[in-house]
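Below, each chain spelled out in residue letters.
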Amino acid sequence: MSTTTTCNDFFGFFRAWIANPRRVSAVAPSGQSLARLITSEIKPGDGPVIELGPGTGVFTKALLQRGVSESELLLIEYGSDFMRLLQQRFPNARVLWMDASQLAQYEPFIAPAGSVVSGLPLLSMTPRKVMAILTGAFRHMRDGGTFYQFTYGIGCPVPRPILDRLGLKASLVGRTARNVPPASVYRIRRRQPVAYMT
Ligand SMILES: C[S@@+](CC[C@H](N)C(=O)[O-])C[C@H]1O[C@@H](n2cnc3c(N)ncnc32)[C@H](O)[C@@H]1O
């Protein structure tokens, strides 16, 4: 990405944050180190991949570098400026201008996804909204699919009661100090049904 694009992205992001700090929740796009970390377990065969809250597309670009094809990406973004930018930048991806918490109400747009990568600010959302996002995301993923979420907080941004209620488990993928602010990534999966011996 050129220096001009990086500067434009930075100022575009900052403007979006001024206009809606709660929804954007960061003053600048994520850095390359976090983008590599959140996509580190994704393989080309994991497509389709759904990305929630792509912003300027830092994670989207990392997904392409991991070998996921652009036509297997579904990008869901609620900021209209970001949505237009994503359409220009990734013309072969499917870009939807929608609230990610509405996902469960739609029939699958694409084949069931292997992974969901989320840049959503879950910590500034209500528990009800977080539940709706996870319910929708897992509804559109195949068995064994993984939801990747980053956070600036300490611990998984999805509270334990929500994980329990939805039958999910979370584990740490890793942390990076080379992001402003430093961030962690969690993988969230369905709990395996317990197999009872007779
Ligand atoms: C913290 S920024 C992350 C952007 C990008 N993934 C990155 O890491 O640079 C949060 C992004 O989520 C989007 N967003 C927030 N709430 C959303 C929602 N309910 N549905 C879809 N996108 C949402 C914002 O517009 C913004 O692009």
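Structure first, text after, so check above.
What comes next concerns the included structure. (Residues numbered from 1 in each chain as written. Predicted model: local features only at pLDDT ≥ 70, side-chain atom pairs only at ≥ 80, totals over all residues. Heavy atoms only, no water.)

A few points about the overall build of the chain
Stage number 1. Looking only at helices and strands, one finds seven helices and seven strands in the chain.
Stage number 2. Element order for the chain, N to C, with α for helix and β for strand: α-α-α-β-α-β-α-β-β-α-β-α-β-β.
Stage number 3. Reported as C-alpha extents along the three principal axes, the dimensions of the chain are approximately 65 × 35 × 30 Å.
Stage number 4. For the chain, the proportion of its 198 residues judged to be buried stands at 46%.
Stage number 5. For the chain, contacts bridging at least 24 residues in sequence account for 65% of all contacts bridging at least 6.
Stage number 6. Summed over all atoms, the accessible surface of the chain reaches about 10400 Å², with 56% contributed by carbon and sulfur. (Helix = DSSP H or I, 4+ residues; strand = E, 2+ residues; numbered from the N terminus. Buried < 20%, exposed > 50% of the residue type's maximum accessible area, 1.4 Å probe, protein only. Contact = heavy atoms within 4.5 Å. Areas by Shrake-Rupley, 256 points an atom, 1.4 Å probe, with all protein chains shown as cover.)

Some points on the site of the ligand
Stage number 1. Close contacts around the ligand come from 23 residues, with Ser30, Gly53, Glu77, Asp99 and Ala100 the closest.
Stage number 2. Here a nitrogen atom of the ligand sits 3.3 Å away from a polar atom, N or O, in the main chain of Tyr78.
Stage number 3. Between the ligand and Ala100, the relevant distance is 2.9 Å, taken from a nitrogen atom to a main-chain nitrogen or oxygen of the residue.
Stage number 4. Contact with the protein chains hides 98% of the accessible area of the ligand, taken as 590 Å² for the molecule alone.
Stage number 5. Broken down by secondary-structure element, the contributors of at least two residues to the shell around the ligand are α2 (21-24) and β2 (73-77).
Stage number 6. Residues that form the shell around the ligand fall into these classes: 14 nonpolar, five polar and four charged. (Near = heavy atom within 4 Å. Polar contact = N/O pair within 3.5 Å; in protein donor to acceptor, adjacent residues only side chain to side chain. Nonpolar A, V, L, I, M, F, W, Y, C, P; charged D, E, K, R; others polar.)

What about the environment of Trp17?
Stage number 1. By the element assignment, Trp17 lies in helix α1 (residues 3-19).
Stage number 2. Under the relative-accessibility criterion, Trp17 is labelled partly exposed at 28%.
Stage number 3. For the pair Trp17 and Pro159, spaced 142 residues apart in the sequence, the C-alpha separation amounts to 25 Å.

Here we look at the pairing of strand β5 (residues 141-151)
Stage number 1. By the criterion of burial, β5 is predominantly enclosed, with eight of the eleven residues buried.
Stage number 2. In this fold, strand β4 (residues 113-118) hands off to helix α6 (residues 127-139), which returns the chain to β5; that crossover is right-handed.
Stage number 3. Note: β5 against strand β7 (residues 183-190), five bridges, orientation antiparallel. Within β7, the position partnered with Phe150 by the bridge is Val185. (Right-handed = clockwise from strand over helix to strand, strands pointing away. Pairing = 2+ DSSP bridges.)

Some points on the nonpolar core
Stage number 1. Formed by 25 residues in total, the largest nonpolar core has its most connected members in Leu52, Ile76, Leu134, Phe147 and Val158.
Stage number 2. The set of elements that each furnish at least two residues to this core consists of β1 (49-52), β2, β4, α6, β5 and α7 (160-166).
Stage number 3. The leading source of residues in this core is α6, at six residues.
Stage number 4. Setting aside chain neighbours within four positions, we find Phe147 in contact with Leu52, Val116, Ser118, Ile133, Leu134, Ala137, Phe138, Met141, Tyr186, Arg187 and Ile188. (Core = buried A, V, L, I, M, F, W, Y, C linked by side-chain atoms within 4.5 Å.)

Details of the sheet that holds β5
Stage number 1. Spatial strand order, β3-β2-β1-β4-β5-β7-β6: seven strands in an open sheet with mixed pairing. On the outer flanks of this sheet lie β3 (94-97) and β6 (168-176), each paired with one strand and no other. Sheet twist, expressed as the average angle between the axes of neighbouring strands with direction ignored, equals 20 degrees.
Stage number 2. Where β4 and β5 come together, five bridges link them in parallel fashion. Residue pairing across strands places Val116 opposite Phe147, the latter belonging to β5.
Stage number 3. Packed onto the sheet, helix α5 (residues 80-89) meets β2 and β3 and runs at close to 165 degrees relative to β3.
Stage number 4. Each of β1, β4, β5, β6 and β7 touches α6; the most contacted strand, β5, lies at about 140 degrees to it. (Axes fitted to C-alpha atoms, helices over the stretch in contact; angles between N-to-C directions.)

Remarks on unusual backbone geometry
Stage number 1. The linkage connecting Gly47 with the following residue, Pro48, adopts the cis geometry, with an omega of -5 degrees.
Stage number 2. In this structure, Pro48 sits in the loop between α3 (32-38) and β1.
Stage number 3. A cis amide bond, omega -5 degrees, links Val180 with the succeeding residue Pro181.
Stage number 4. By secondary structure assignment, the location of Pro181 is in the loop between β6 and β7.

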